[in-house]
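Each chain, written out:
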Amino acid sequence: MINVTQPLLPPMEEFIPLLKDIWNKKWLTNNGEYHQKLEQALCDYLKVEHISLFTNGTLPLIVALQSLCIKGEVITTPYSFVATTHSLWWNGITPVFVDVEPNTGNLDPDKIEAAITNKTTAIMPVHVYGTPCNVERIQNIADKYGLKVIYDAAHAFGVEVNGKSILEYGDMSTLSFHATKTYNTIEGGALICKDAKTKQRIDYLKNFGIADEVTVVAPGINGKLDELRAAYGLIQIKHINNAINSRKKISDNYRKALSNVPGISFLKEINNVRMNYSYFPIFIDKSKYYCSRDELYDTMKEKGILARKYFFPLISDFPTYRGLSSASKENLPVASKLADTVLCLPLHHELTEEEFNSIINIIIT
Ligand SMILES: Cc1ncc(COP(=O)(O)O)c(C=O)c1O
């Protein structure tokens, strides 16, 4: 079976000494030594100043909204993983879906203003597949209407525009370090903010609101990352560039091998962007290709290749959200088309030439 992805695992011989150290010190969680080291190492690698680690990539979304006291309505994209919108729901916020751009799959700045009402308090875009949103235009709209911007950057680990981290834009950004992500801590995530005071508030909120032994300053939650996964994450940083380079080679090869196949298109590559090559989505136009997206998915699966329909169905089509007026298909024609035609091909740092060729052979026959 060739899976859509395969986790990057640190060499076991590098992990064992750190495990022994943790066993000796008997400090397993609650802002331990490895937790602190990983926060610093990630600040350095990602070129950001303030990062708070979390036990997954969903809690930082929920906590970001809490820490900025976001209420009312938030403008967001339907073309993402459900966690983006669920984080709004968990905060009692009404999601307002806005359509995406055809070239990137990201929230379309041209359509945001029409969705703003007197209840709108923030915008929550997603850098889907790690492709940067149009951050300048989104910020201009946010400034004009006094809105906060929280980026779900779950896919955008290490992504840079003109040498600047994509995580620097907006009020806050979140990351996921889930096992399927380019950089993983098995489960894990992070919240990136702009100043030390905000980080302090986030750190209270991810630890039940506890400020000291007898003081609870806010109704916080338990979002802490433990020492074992922090140590694992520290080793991963040494290997992540090699993994990203391997992913880049495979992505380039996909582009070369499939560029002249009628009915298959890709997302646009953007100049001056350092991508992390998390996903390789192709879009199937069945009027020009020999079969539909679903037929290709089935054929690949029969032959042991698991491609994935990320992101189908749209979040706005799930029962929790489909009753919202912004969830209608007429409001979301571009997102609907992408969701109906997308297929993410297998992509990971250890995909072999033989596996690559067998995937290509099925697609081009
Ligand atoms: C866009 C997006 N947001 C949020 C999440 C949630 O992250 P996690 O699974 O680490 O909770 C994911 C991934 O799983 C995601 O793809």
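Calculation criteria
Residues numbered from 1 in each chain as written. Predicted model: local features only at pLDDT ≥ 70, side-chain atom pairs only at ≥ 80, totals over all residues. Heavy atoms only, no water. Core = buried A, V, L, I, M, F, W, Y, C linked by side-chain atoms within 4.5 Å. Buried < 20%, exposed > 50% of the residue type's maximum accessible area, 1.4 Å probe, protein only. Helix = DSSP H or I, 4+ residues; strand = E, 2+ residues; numbered from the N terminus. Contact = heavy atoms within 4.5 Å. Pairing = 2+ DSSP bridges. Right-handed = clockwise from strand over helix to strand, strands pointing away. Axes fitted to C-alpha atoms, helices over the stretch in contact; angles between N-to-C directions. Parallel < 35°, antiparallel > 145°, perpendicular 65-115°, else oblique. Left-handed = near helix turned anticlockwise from the far one by under 90°. Near = heavy atom within 4 Å. Polar contact = N/O pair within 3.5 Å; in protein donor to acceptor, adjacent residues only side chain to side chain. Nonpolar A, V, L, I, M, F, W, Y, C, P; charged D, E, K, R; others polar.

(A) Region of the structure containing the nonpolar core. Core analysis: the largest hydrophobic core is formed by 54 residues, its most contacted members being Leu-38, Leu-42, Leu-46, Ile-75, Ile-112, Phe-157 and Leu-175. At the level of elements, helix 1 (12-25), helix 2 (33-46), strand 1 (50-54), helix 6 (135-145), strand 5 (148-152), strand 9 (189-193) and helix 8 (227-258) are the ones that each hand at least two residues to this core. Considering each element in turn, this core owes the most residues, 9 residues, to helix 8. Each residue touching Ile-75, except ones within four places of it in the same chain, is listed here: Val-96, Val-98, Leu-107, Ile-112, Ala-115, Ile-116, Thr-120, Ala-122, Ile-123 and Met-124. Counting residues in hydrophobic clusters, the runner-up holds 26 residues, among them Leu-258, Ile-284, Met-300 and Leu-345.

(B) Layout of the sheet that holds strand 13 (residues 273-274). Pairing within the open sheet is antiparallel, and its 3 strands lie in the order 7-6-13. Strands at the two margins of the open sheet, each flanked by one partner only, are strand 7 (164-165) and strand 13. As judged from the 2 bridges shared by strand 6 (residues 160-161) and strand 7, these two strands associate in the antiparallel manner. Within strand 7, the residue paired with Glu-160 across the bridge is Ser-165.

(C) Focus on the pairing of strand 3 (residues 94-97). Relative to strand 3, strand 2 (residues 73-76) runs parallel, the two being bridged by 4 bridges. Of the residues in strand 3, the one forming a bridge with Thr-76 is Phe-97. In this view, the connection linking strand 2 to its parallel neighbour strand 3 by way of helix 4 (residues 83-89) has right-handed handedness.

(D) The arrangement of the packing of helix 8 against helix 11 (residues 353-364) in detail. For the pair helix 8 and helix 11, interaxial distance at closest approach is 11 Å and the crossing angle is 30°. In this view, helix 8 runs roughly parallel relative to helix 11, as classed from their interaxial angle. Viewed along their axes, helix 8 and helix 11 form a crossing whose handedness is right-handed. Facing Ile-250, Asn-253, Tyr-254, Ala-257 and Leu-258 of helix 8, the residues of helix 11 in contact are Phe-356, Ile-359, Ile-360, Ile-363 and Ile-364.

(E) Region of the structure containing the site of the ligand. Around the ligand there are 14 residues in total, and Gly-57, Thr-58, Asp-152, His-155 and Ser-176 lie nearest to it. With respect to the ligand, the side chain of His-155 contributes an N or O atom lying 2.8 Å from an oxygen atom. Take Lys-181: an N or O atom from its side chain is 3.1 Å from an oxygen atom of the ligand. Grouping the amino acids of the shell around the ligand by side-chain chemistry returns 3 nonpolar, 9 polar and 2 charged.

(F) Main features of the sheet that holds strand 12 (residues 264-265). Across the sheet, which stays open at both edges, the 3 strands sit in the order 12-14-15 with antiparallel pairing between neighbours. The sheet is open, and its two edges are formed by strand 12 and strand 15 (342-345), each paired on a single side. Where strand 14 (residues 280-284) meets strand 15, 4 bridges bridge the pair, whose relative direction is antiparallel. From the neighbouring strand, Phe-280 faces strand 15, where its bridge partner is Leu-345.

Any functional reading would require information beyond the geometric quantities listed.
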